[in-house]
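# Understanding the architecture of this molecule
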Amino acid sequence: MTKKHSKTILDLEKVMLCNDAAKEAYENAEYEWKLKELLSKARYNANLTSSDVARKLKVAPSNIHRIESNPSKSSMQTIFKYLDACNAKIDFNLSS
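Residues numbered from 1 in each chain as written. Predicted model: local features only at pLDDT ≥ 70, side-chain atom pairs only at ≥ 80, totals over all residues. Heavy atoms only, no water.

## Side note on unusual backbone geometry
Here the phi dihedral of Lys58 falls at roughly 55°; this positive angle occurs in a residue that is not glycine. Tracing the chain through its elements places Lys58 in the loop between helix H3 (50–57) and helix H4 (61–69). Using a relative accessible area of 76% as the deciding quantity, one classes Lys58 as exposed. For Asn87, which is not glycine, the phi torsion reads 55° and is therefore positive. Relative to the assigned elements, Asn87 resides in the segment after helix H5 (76–85). (Helix = DSSP H or I, 4+ residues; strand = E, 2+ residues; numbered from the N terminus. Buried < 20%, exposed > 50% of the residue type's maximum accessible area, 1.4 Å probe, protein only.)

Here's what the structure looks like:
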């Protein structure tokens, strides 16, 4: 007979995020994920392939892959150019 796990995801999250460095890394990963999702959605809505975006930006397709896989390493100017190539606009909102 196998023993079932008694901890929930929330229990594990509390244990794993018990220090400031872990919390900061978790939040940074969440921001990165949201930015990846934004770029993916923009390209999908524009019905473009990564090669299409590369042609519009006059860069190699590998550059588009780099931007999409690790957007936090790209400049804001690069992100804006990418979104412009996808005919996408972003709206900035500040929340506290």
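## A short note on the confidence of the model for the chain
When pLDDT is averaged across the chain, the result is 88; 95% of the residues are at 70 or more. Across the chain, the element-wise mean pLDDT spans from 76 in helix H1 (residues 9–16) up to 97 in H3. (pLDDT = per-residue confidence, 0-100.)

## Some remarks on a nonpolar patch on the surface
Together, Leu38, Met76, Phe80, Ile90 and Phe92 make up a nonpolar patch on the protein surface, roughly 460 Å² of accessible area in all. Note that Ile90 resides in the segment after H5. Take Ile90: its relative accessible area is 31%, and that puts it in the partly exposed class. (Patch = residues over 30% accessible without salt bridge, like charges linked within 9 Å, V, L, I, M, F, W, Y side chains within 5 Å. Areas by Shrake-Rupley, 256 points an atom, 1.4 Å probe, with all protein chains shown as cover. Salt bridge = Lys/Arg side-chain N within 4 Å of Asp/Glu carboxyl O.)

## Section: the nonpolar core
Within the largest apolar cluster, 13 residues are counted, with the highest numbers of intra-cluster contacts made by Leu39, Val53, Ile64, Ile67, Tyr82, Leu83 and Cys86. Non-local contacts of Cys86, meaning those with residues more than four positions away in its chain, are made with Ala42, Arg43, Ala46, Leu48 and Val53. (Core = buried A, V, L, I, M, F, W, Y, C linked by side-chain atoms within 4.5 Å. Contact = heavy atoms within 4.5 Å.)

## Quick notes on the environment of Leu83
Counting through the fold element by element, Leu83 comes out in helix H5. The buried category is assigned to Leu83, whose relative accessible area is 3%. With 44 residues separating them in the primary sequence, Leu83 and Leu39 have C-alpha atoms 7.2 Å apart. Those residues within four positions of Leu83 in sequence are excluded, and the remaining contacts are Leu38, Leu39, Ala42, Ala88 and Ile90.

## A look at H5
Within H5, burial applies to Ile79, Tyr82, Leu83 and Ala85. Summarising the axial view, the buried residues of H5 lie within an arc of 160°, below the 170-degree limit, and thus occupy one face. (Arc of directions from axis to C-beta.)

## Remarks on the pattern of salt bridges
Using the criterion set out here, one finds four salt bridges in the structure. Among the ionic pairs, Lys34 bridges to Glu30, the shortest N-O distance being 3.7 Å. Of this pair, Lys34 and Glu30 are both found in helix H2 (residues 20–45), four residues apart, which corresponds to roughly one turn of the helix. With a relative accessible area of 47%, Lys34 lands in the partly exposed category. What makes Glu30 partly exposed here is its relative accessible area of 36%. One salt bridge in this structure joins Lys89 and Asp84, with 3.7 Å as the shortest N-O distance. Residue classification places Asp84 among the partly exposed residues on the basis of a relative accessible area of 47%.

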